[in-house]
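Spelled out, the chains give:
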Amino acid sequence: MSEQPEAFACAYKRKENEMRRPRPARAITLTLTALLTLAVVLLTAGCSGSAPPPPPTATPAPSTATPAPSTATPAPSTATPAPSTPTATPAPPTATPAPPTARPAPPTATPAPPATPTPSANLTGGCIDDFSPSVDYFPQKSSPEFAGNFTIEYHKSYKLLTVKEPFTGGSPRSYLLAQCGAPVPQLEGRWANAPVIRIPVETIFTGSTTHLPMLAALGRVDSLTGVAQTGYVSSQPVLDRIAAGLVAEFAPTFEIDAEVVIEASPGVLLASDAGPSQAHDTLANAGIGVVWNGEWLEETPLGRAEWLKMVAALFNEEAKANEQFENIAGSYNALAQKTGGIPEAQRPTVMTGLEFGGVFYASGGRSFAAQLIDHAGGSYVWADDDGSGSIETDIETQLERAGDADFWINAGAFWHTLSDVAGADERYTHFKPYKTGQIWTNNLALNDAGANDYYERGVTRPDLVLADLISIFHPSLTEERELQFYKQLQAP
Amino acid sequence: MPLARVRGWQWAVFGGLLAALGVMFFLGIALGSVVIPLDQVFAALTGGQTDKASWEVIIESVRAPRSITAVLAGAALGLAGLQMQTLFRNPLADPFILGITAGAGLGVAVVVLLAGAGGPTFTAGLGNLGNVGIVAAAFAGAAATLALVLLLSARIRNYVTILIIGLMFSYAVGSLVTVMIAAADARQIELFVAWGFGSFRGVTWQEMRIFAPVVGAGIVLGALLAKQLNALLLGEAYARSMGLNVKRMRLLTMLGASALGGVVTAYCGPVAFLGVATPHLARALLGSSDHRLLIPAVILLGGVVALFAELVAQLPGQTAALPLNAVTSLIGAPVVIAVLMRSRRGAFAS
Amino acid sequence: MTNGQPVLESLDLSVGYRSRRRVRRVLEGLNLTVSRGEFIALLGPNGVGKSTLLKTFSAIQRPLAGTVRLGGRPLSRLKPAEIAKGLSVVLTDRLDVGSLSAYKVVELGRHPHTGWGGRLTAYDHRVTRWAILSVGAVDLAHRDVNELSDGERQRVMVARALAQQPRVMLLDEPTAYLDVSSRVKLTGLLRRLARRNNLAVVFSTHDLEIALRTADTVWLLAPGGELHVGGPEDLVLGGQVARAFQGDDLAFNPLERCFRLQQESAGRALVRGNGLTAALGRAALEREGYEVARASEGPADISVTISETGGALWEAESGGLSRRGDSLAQLAAFARAGSRRDPG
């Protein structure tokens, strides 16, 4: 699934199931309309309330990841499972993980000699051949600081990945990422049935184009063997791979084609769908690890970008991820700090969005766009709204609120001149940004095929987007730089 | 002899309708999601200055075209529905019975749904296609359907056959749209569905320059055909015996009604219900099937009902509007049922 | 009466149906004339083509061959409105006009006389009122046509046809759905209209008795499509009526100009007596299959004496039994028993 304007993200993801159903041409049959209405009303209402859970306490994970050595040595005598009552409460994910008890005597089951050297880095390719249960195979660890929708818990030879809200309203999904060459631990509770993914994965299918820059950042574009739709890709290395026939298209009609996936049998598939479908079951039954990507349910731009760490965990590339993300977060925060002190009176007012079919769609007050505007030293006209998705209002309310806005950003993606604006809807001309020529679209990075890098790299590099916005709102605060994503509409 | 033409109480009905239209229109101007004080509304209407500049813009550029659109669309749908019901002698007929909506829907589907199939041209939102592109597509689809239907009906005498052809056409087009939906992404489908909700808010002054004259021409044509429609009340054979050129009249009526239905669909989406219901309400109000009474009545009543639906869809002070079609159908259907059950004659007329 | 000047005529007219594949001729070679003021009954059994002929005459349907002339000019050369000013119709189509007052329906008859907008002048309203008055429907005028009885509605439809101010009015089975008294009333009305207004009226019917008793001229369509034209009495005399309708079960009685059920003879009956009671007594015996003799000509299987004065209504003797009774139904029952008792 390609990336969408975030203003629509919430409503659109939720409504997708309804939309997908084939409808008769007369889209106006009473029942259907009524149902849809109801659905839309309910869903939009639910949108704001369904924000992902708060970010986890920032206590670093490693402490829990080092179990006492004594428990790690499996007692060969206790072939019967330990009384499960105490371990059956899996509520806190940090509960002491059940030791790999009932594993029927693997060759390495005898206590490993403690002399085995601890690796200094994660194994980013291939398998270990001398498994020792006492060795920590993941000396490099990542933990999310800004992202709230996933957690990684490190153990010696496996990681426990949890996506808290895999899709809107979905219950948490857990994955057991087991180091290749190490035995798969038998876990209990909710981990007992967790899908097992052998890491480091060698091939990956991505459901969202936002993962492509992450692969690039990790230097793992070569592992990409499948994308949902090839037509939405912006990144040149990926386009080269597609041209070379190295990348399969697995959901050209927005419906996963299970056969294509099974044929290629990737190490993992990052699913970005609106909800589970039969295709996901088919893939799971075929033994293909499907990891849900809940990145777009993050609350902050940095949180979203931090999913780089989740992708890295699949490749054992934690070190690179940490470094890259530190840079991104560092530069983002530095930029935000520059504008943080700007008093409200000096902040330009900013509007977003478009009208369609009688509805004006604007970004919600807690959306990424709203946060970026705020961090860029702007004052968002809908800042008092507390929705993270999009606001559906009408043009007169928008006129009332934003008629005098100083800037209009994220306007029509296909607008190139101010006359496009007037041509699309005459009423747009009554907004002040039209009169002052301060309408900015995020389509500078539109390639010839029509894919927009804003929705690809812009998601993983919020610092760049922020820098663009600061250049627009406060040119004096930034040194001369070229805009990456934003373009000002010119008079024809 | 008690042989009056228009009876006193019928004049009263017309007076009432006119008054209701005036009130509704004023409410349409005065009410909206933004609360504007009444004196400011008057100030804007009389060309004075409003306290806030945006209010003047809202009234002049948002509410005025919206209300005029509602009146015109309601009148157009009511008239076209009346014409179709009489022409096909079918109480369920509406302006869309010949597949006009289906044709317009196909046009919109091609633009909205297929736009992204060749490339991701729609990913980023609406683009400058926006309303204008959709209007053009719907217009093209409706016009193509109309041409096809007129061509076929010139060869076919039987009304039922024409109806069935329209129905079959709708089914076939519906399947095409379904195929396109299956291959479209959710955002495009959402756009298509949003179009299907119907709305009077898409028409700006700019677009009014086409919308209003087409509706006006359709209404003039409809008024000229009132006499012929009356003759048709007795059936085709009688109409013929009274010197009516049935074929020409049928063609003109279908042309007029389809143009009315088509232009409304193009600019406002497939607005449900008004076309079927308004003629029934008008007959019940006037107690007559005389088209020289019914035509002005459906024009006024259509405007009133459409404005009312728009007002309900946009409850004052509330930002998000309900889909127009949900309002017209959910609120309108019980009203029509009640009216028909209370009137002695039951459903039909024509 | 007929002034000899034909207002509507057909020349070698063939009528029938034409579909893409084939042509079905119903009637051929028709040469008919209708004169002003003439009251014509088109008579014939069902399915012989009466409606087709009338529709062709009224230009609703096109002829297969030949021409129809209205006022001397072929229909094919006349504009629809011109035809409508000279000729109006009342059809069998059941009306479903919704809510329309009878007045409005009659007013519709002014259609060919008004302009594009259908605006009615004072004159149009006068004609409408006159038409309503002519059919005696004044008290129906403001009522909804849907609330009228069949007979009332038919009168309104005649008024509508009259409001067209035609020279010829064609009516397809105008009495079909009506009860006996309405039938007689309507036929009488049509005849009066024809006389008073010098209006030619052609109406189709299968009601032989009414046609023969009221029409100036009868167009008699025999089952094979053969057409006989003439005064009703002439057609009776010539035997055409009898031939057209006679079957195994029906025998035409020329004198009474009506048909009677043909059945196996039950015997001879002798009825003495006079007056209405005796006549009805004879009718009762005829219904039971007896040939009724008037005088005592030879032996009788049943002999009846009808007396209207005192005592029993009738006395009868049959096969050695005698009876008397107070009702003719009793007489019929006695006769019936007698015919069973004494077959032959």
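So, how was this worked out
Residues numbered from 1 in each chain as written. Chains lettered and ligands numbered in written order. Predicted model: local features only at pLDDT ≥ 70, side-chain atom pairs only at ≥ 80, totals over all residues. Heavy atoms only, no water. Axes fitted to C-alpha atoms, helices over the stretch in contact; angles between N-to-C directions. Helix = DSSP H or I, 4+ residues; strand = E, 2+ residues; numbered from the N terminus. Parallel < 35°, antiparallel > 145°, perpendicular 65-115°, else oblique. Left-handed = near helix turned anticlockwise from the far one by under 90°. Contact = heavy atoms within 4.5 Å. Nonpolar A, V, L, I, M, F, W, Y, C, P; charged D, E, K, R; others polar. Pairing = 2+ DSSP bridges. Phe/Tyr/Trp six-rings, centres within 6.5 Å; stacked < 30°, edge-to-face > 60°. Buried < 20%, exposed > 50% of the residue type's maximum accessible area, 1.4 Å probe, protein only. Lys NZ or Arg CZ within 6 Å of the ring centre and 35° of its normal. Core = buried A, V, L, I, M, F, W, Y, C linked by side-chain atoms within 4.5 Å. Buried area = accessible area lost by both parts, 1.4 Å probe. Polar contact = N/O pair within 3.5 Å; in protein donor to acceptor, adjacent residues only side chain to side chain.

Moving on, we come to the packing of helix H8 (residues 205–224) of chain B against helix H11 (residues 246–268) of chain B. Residues and elements named next belong to chain B. Where H8 contacts H11, the axes come no closer than 9 Å and their chain directions differ by 155 degrees. In terms of their interaxial angle, H8 and H11 are classed as roughly antiparallel. Pair H8 / H11 crosses with left-handed handedness. The segment H8 lies against H11, with Glu207, Ile210, Phe211, Val214, Val215, Gly218, Ile219 and Leu221 engaging Leu252, Gly256, Ala259, Leu260, Val263, Val264, Tyr267 and Cys268. When grouped by side-chain class, the residues that make up the contact of H8 with H11 number 13 nonpolar, two polar and one charged.

Residue and element names in this part refer to chain C. Strand order in the open sheet made by the five strands is E14-E13-E15-E16-E17, with mixed pairing throughout. Edge positions in the sheet fall to strand E14 (290–293) and strand E17 (321–325), since each has one partner strand and no second. Ignoring strand direction, the axes of neighbouring strands in this sheet form an average angle of 20 degrees. Bridging between strand E13 (residues 267–272) and E14 involves four bridges; their strand directions are parallel.

Let's shift gears to the packing of aromatic side chains. Taken as a whole and assessed by the stated rule, the structure comprises 21 aromatic pairs over all chains. Centre to centre, the rings of phenylalanine 39 of chain C and phenylalanine 203 of chain C are 5.0 Å apart; their planes meet at 25 degrees, and the pair counts as stacked. Residue phenylalanine 39 of chain C is located in strand E3 (residues 39–43), and its partner phenylalanine 203 of chain C is located in strand E8 (residues 200–205); the two are separated by 164 residues in the primary sequence. Pair check on accessibility: phenylalanine 39 of chain C and phenylalanine 203 of chain C agree, each one buried. The structure contains a cluster of three or more aromatic residues connected by ring pairs, namely Phe360, Trp408, Trp415, Tyr428 and Phe431 of chain A. Its end group placed over the ring of phenylalanine 138 of chain A, lysine 159 of chain A keeps NZ or CZ at 4.8 Å from the ring centre. The residue whose ring lies beneath arginine 401 of chain A is tryptophan 382 of chain A, and the NZ or CZ to ring-centre distance is 3.9 Å.

So, on to the nonpolar core. Grouped together as the largest cluster of nonpolar side chains are 191 residues, with contacts concentrated most on Phe88 and Phe211 of chain B together with Leu8 of chain C. Of the residues forming this core, the biggest block, 15 residues, is contributed by helix H13 (residues 291–313) of chain B. Look past the residues within four positions of phenylalanine 88 of chain B in its chain and what remains in contact with it is Ile97, Leu98, Tyr159, Ile162, Leu163 and Met254 of chain B. Formed by 113 residues, the second largest nonpolar core is a distinct cluster that contains Ile152, Val311 and Trp382 of chain A together with Ala64 of chain B.

Once that is clear, we can look at the sheet that holds strand E12 (residues 359–363) of chain A. All names here are of chain A. Within the open sheet, the three strands sit side by side as E11-E12-E14. Their pairing is antiparallel. Single-partner strands in this sheet number two, and they are strand E11 (354–356) and strand E14 (390–393). The mean angle between the axes of side-by-side strands here comes to 30 degrees, regardless of whether they run parallel or antiparallel. Taken together, the four bridges between E12 and E14 define a ladder with antiparallel strand orientation.

Further remarks concern the interface of chain C and chain B. With 41 residues of chain C in contact, the opposing surface of chain B contributes 31 residues. At the boundary of chain C with chain B, total buried surface from both sides reaches about 3400 Å², with 59% on carbon and sulfur atoms. For the chain C face of the interface with chain B, the top three residues by lost area are Ser99, His111 and Trp116 of chain C, together amounting to 21%. The tally of links from chain C across to chain B stands at nine residue pairs in polar contact (both at pLDDT 80 or more). Secondary structure elements with two or more residues in the side of chain C that touches chain B: helix H2 (80–86), strand E6 (87–90), helix H3 (102–108), helix H4 (122–134) and helix H5 (150–163) of chain C. A total of five residues in the side of chain C that touches chain B trace back to one element, the largest contributor, which is H3 of chain C. Tallied by class, residues from the side of chain C that touches chain B come to 20 nonpolar, 13 polar and eight charged.

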